Amino acid sequence: MTNIKEMIEMIKPNPFSPKSGQEPKVFIDRDKEIGLFLKKIDEAKTGKTNHYIINGGWGSGKSCLLMYFRLLAQNNKSAACYFQAREISESASDMEIIMHVVESII
């Protein structure tokens, strides 16, 4: 019979559970987002740059997807960074947004 400590050590967090501390090894139903991101990388290499937003409810996998995007960008010899953005009001000036992004990257 195993003791409680051994049982606890055997329990692995579910990588698809929010805040589990693990990243999923596979993304399901994310082909569209991954394809769009790879297209954006190719476009950026030709000088066509743009932005897009990833939006979704808490625990829907946005952060894991963004970390995967960073890896894809690096594999495509593109600069990439990942940071947590704070909530910015719609009335924020362009300079305020730029400052937040630059400060977060640094």
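Relevant structure appears above.
From a predicted model like this one, the values you see are computed outputs, not experimental measurements. All residue numbers refer to position in the chain's written sequence, counted from 1. Reporting in this predicted model follows two pLDDT cut-offs: at least 70 for local features of residues, and 80 or more for side-chain atom pairs to be given and counted; totals over whole chains, interfaces and linings ignore these cut-offs and use all residues. Side-chain metrics rest on all non-hydrogen atoms present in the structure, leaving aside hydrogens and water.

Student: How would you explain helix H3 (residues 62-75) if you had to name every residue and give the values?
Tutor: A rise of 1.5 Å per residue sets the reference length of H3, with its 14 residues, at 20 Å; its end C-alpha atoms lie 20 Å apart and thus fit the reference within 8%. All buried positions along H3 are accounted for by Cys64, Leu65, Phe69, Leu72 and Ala73. Contacts from the buried residues of H3 go to helix H2 (31-45). Only DSSP runs of H or I reaching four residues or more are called helices, and only runs of E reaching two or more are called strands; each is numbered from the N terminus. With its phi angle positive at about 55 degrees, Lys77 sits one or two positions after the end of H3. Any helix carries an expected span of 1.5 Å times its number of residues minus one. Buried means the residue's accessible area, taken with a 1.4 Å probe over protein chains only, is under 20% of the maximum for its type, while exposed means over 50%, and partly exposed covers the values in between. Only heavy atoms enter the contact rule, under which two residues are in contact if any of them lie within 4.5 Å.

Student: With reference to specific residues and values, describe the nonpolar core.
Tutor: Ile34, Phe37, Ile41, Leu65, Phe69, Leu72 and Ala73 together form the largest nonpolar core, which totals seven residues. When residues of this core are traced back to their parent elements, those giving at least two are H2 and H3. In terms of residues, this core owes the most to one element, H3, which gives four residues. The residues contacting Phe37, other than those within four sequence positions of it, are Tyr52, Phe69, Leu72 and Ala73. Nonpolar cores were defined as sets of buried Ala, Val, Leu, Ile, Met, Phe, Trp, Tyr and Cys residues, with membership established by side-chain atoms within 4.5 Å.

Student: Before we move on, could you go through the packing of aromatic side chains and cite the residues and values that matter?
Tutor: Between 30 and 60 degrees the pair is tilted, below 30 it is stacked and above 60 it is edge-to-face, where a pair is any two Phe, Tyr or Trp rings, Trp via its six-membered ring, whose centres lie within 6.5 Å. Inspection of the entire model under this criterion finds one aromatic pair. Aromatic side chains Phe37 and Phe69 sit 4.2 Å apart centroid to centroid with 5 degrees between the ring planes, which places their arrangement in the stacked category. Of this pair, Phe37 sits in helix H2 while Phe69 sits in helix H3; the two residues are 32 residues apart in sequence, bridging distant segments of the chain. The buried category is assigned to Phe69, whose relative accessible area is 4%.

Student: Just give me the short version of the environment of Ala44, but keep the residues and values in it.
Tutor: With respect to the helices and strands, Ala44 occurs in helix H2. Overall, Ala44 belongs to the partly exposed group, its relative accessible area being 38%. In the structure, Ala44 is positioned 34 residues away from Ser78 in sequence and 9.2 Å away in space, judged by C-alpha atoms.

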